[in-house]
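What follows is each chain in one-letter form.
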Amino acid sequence: QVHIVESGGALVQPGGSLQISCVISGGNSALEHVGWYRQASGNQREFVARSTVGDRSKDYAAAVKGRFTISRKSTENIVILQMNNLRPDDTAVYYCNKWPLPSQWPWGQGTQVTVSS
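These lines cover the structure that appears in this document, whether it is placed above or below. (Residues numbered from 1 in each chain as written. Predicted model: local features only at pLDDT ≥ 70, side-chain atom pairs only at ≥ 80, totals over all residues. Heavy atoms only, no water.)

## Considering the environment of Leu11
Right, so step 1: Checked against the element boundaries, Leu11 lands in strand β2 (residues 11-12).
Right, so step 2: When the C-alpha atoms of Leu11 and Trp107 are compared, they prove to be 22 Å apart, with 96 residues separating the residues in sequence.
Right, so step 3: Beyond its immediate sequence surroundings of up to four residues, Leu11 is in contact with Thr114 and Ser116. (Helix = DSSP H or I, 4+ residues; strand = E, 2+ residues; numbered from the N terminus. Contact = heavy atoms within 4.5 Å.)

Now the structure itself:
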């Protein structure tokens, strides 16, 4: 049974940086494409970034391209999202899971990122 735990969320000021990560246990995530998603209050969950098997190919939502970087430590089943130049509209709960959706993996609890002065 796959279990996902996201962590690292915090309150940061606009223009700041933050690194969040997720640990995927109970399965071999190294064999899967993975992605980060986010859900702002009152909005639907949306795609943020994805990394293919072996971290060979990455892609980003237009809103975060050039500011966010996804990476993975496959031997440790860890997926990382480095976020730079954060903006208030980046405020959301961030989740990692398979890419693309839909996924048979359960969703974790997410990690809250709040960008505010």
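## Description of the side chain of Thr111
Right, so step 1: Mapped onto the fold, Thr111 is located in strand β10 (residues 111-115).
Right, so step 2: Taking relative accessible area as the criterion, Thr111 reaches 7% and is therefore assigned buried.
Right, so step 3: Ignoring anything within four residues of it in the chain, the contact list for Thr111 reads Glu6, Ser7, Gly8, Gly9, Ile20, Ala92, Val93 and Tyr94. (Buried < 20%, exposed > 50% of the residue type's maximum accessible area, 1.4 Å probe, protein only.)

## Side note on the sheet that holds strand β7 (residues 68-73)
Right, so step 1: Here we have 4 strands laid out as an open sheet, ordered β1-β3-β8-β7, and antiparallel in their pairing. Unpaired on one side and paired on the other, β1 (3-7) and β7 mark the two borders of the sheet. Across this sheet, the average inter-strand angle for adjacent strands is 15 degrees, counted without regard to direction.
Right, so step 2: Relative to strand β8 (residues 78-83), β7 runs antiparallel, the two sharing 6 bridges. Each residue of the ladder has a partner; that of Thr69, found in β8, is Gln82. (Pairing = 2+ DSSP bridges. Axes fitted to C-alpha atoms, helices over the stretch in contact; angles between N-to-C directions.)

## Remarks on the sheet that holds strand β9 (residues 92-98)
To summarise the sheet geometry, strands pair through backbone hydrogen bonds and adopt either a parallel or an antiparallel arrangement.
Right, so step 1: If you trace the 6 strands from one edge of the open sheet to the other, you get β2-β10-β9-β4-β5-β6, paired in mixed fashion. The sheet terminates laterally at β2 and β6 (58-60), the two strands that pair on one side only.
Right, so step 2: Pairing of strand β4 (residues 34-39) with strand β5 (residues 46-51), which is carried by 5 bridges, proceeds in the antiparallel orientation. What sits directly across from Tyr37, in β5, is Phe47.

## Side note on the state of the cysteines
Right, so step 1: One pass over the full model with this rule turns up 1 disulfide.
Right, so step 2: Between Cys22 and Cys96 runs a disulfide, and the two sulfur atoms are separated by 1.9 Å. Between Cys22 and Cys96 the sulfur-sulfur dihedral comes to about 110 degrees; the bridge is accordingly right-handed. Of this pair, Cys22 sits in strand β3 (residues 18-25) while Cys96 is found in strand β9, placing the two residues 74 residues apart along the sequence. The pair Cys22 / Cys96 is uniform in exposure class, with both members buried. (Disulfide = S-S within 2.5 Å.)

## A short note on the nonpolar core
Right, so step 1: By size, the foremost hydrophobic cluster in this structure holds 26 residues, and its most contacted members are Ile24, Trp36, Leu81, Met83 and Tyr94.
Right, so step 2: Mapped onto this core, the elements with two or more residues apiece are β3, β4, β5, β7, β8, β9 and β10.
Right, so step 3: Ranked by the residues each element gives to this core, the list is headed by β3, at 4 residues.
Right, so step 4: Excluding residues that lie within four positions of it along the chain, Leu81 makes contacts with Leu18, Gln19, Ile20, Trp36, Val48, Ala49, Phe68, Thr69, Ile70 and Tyr94. (Core = buried A, V, L, I, M, F, W, Y, C linked by side-chain atoms within 4.5 Å.)

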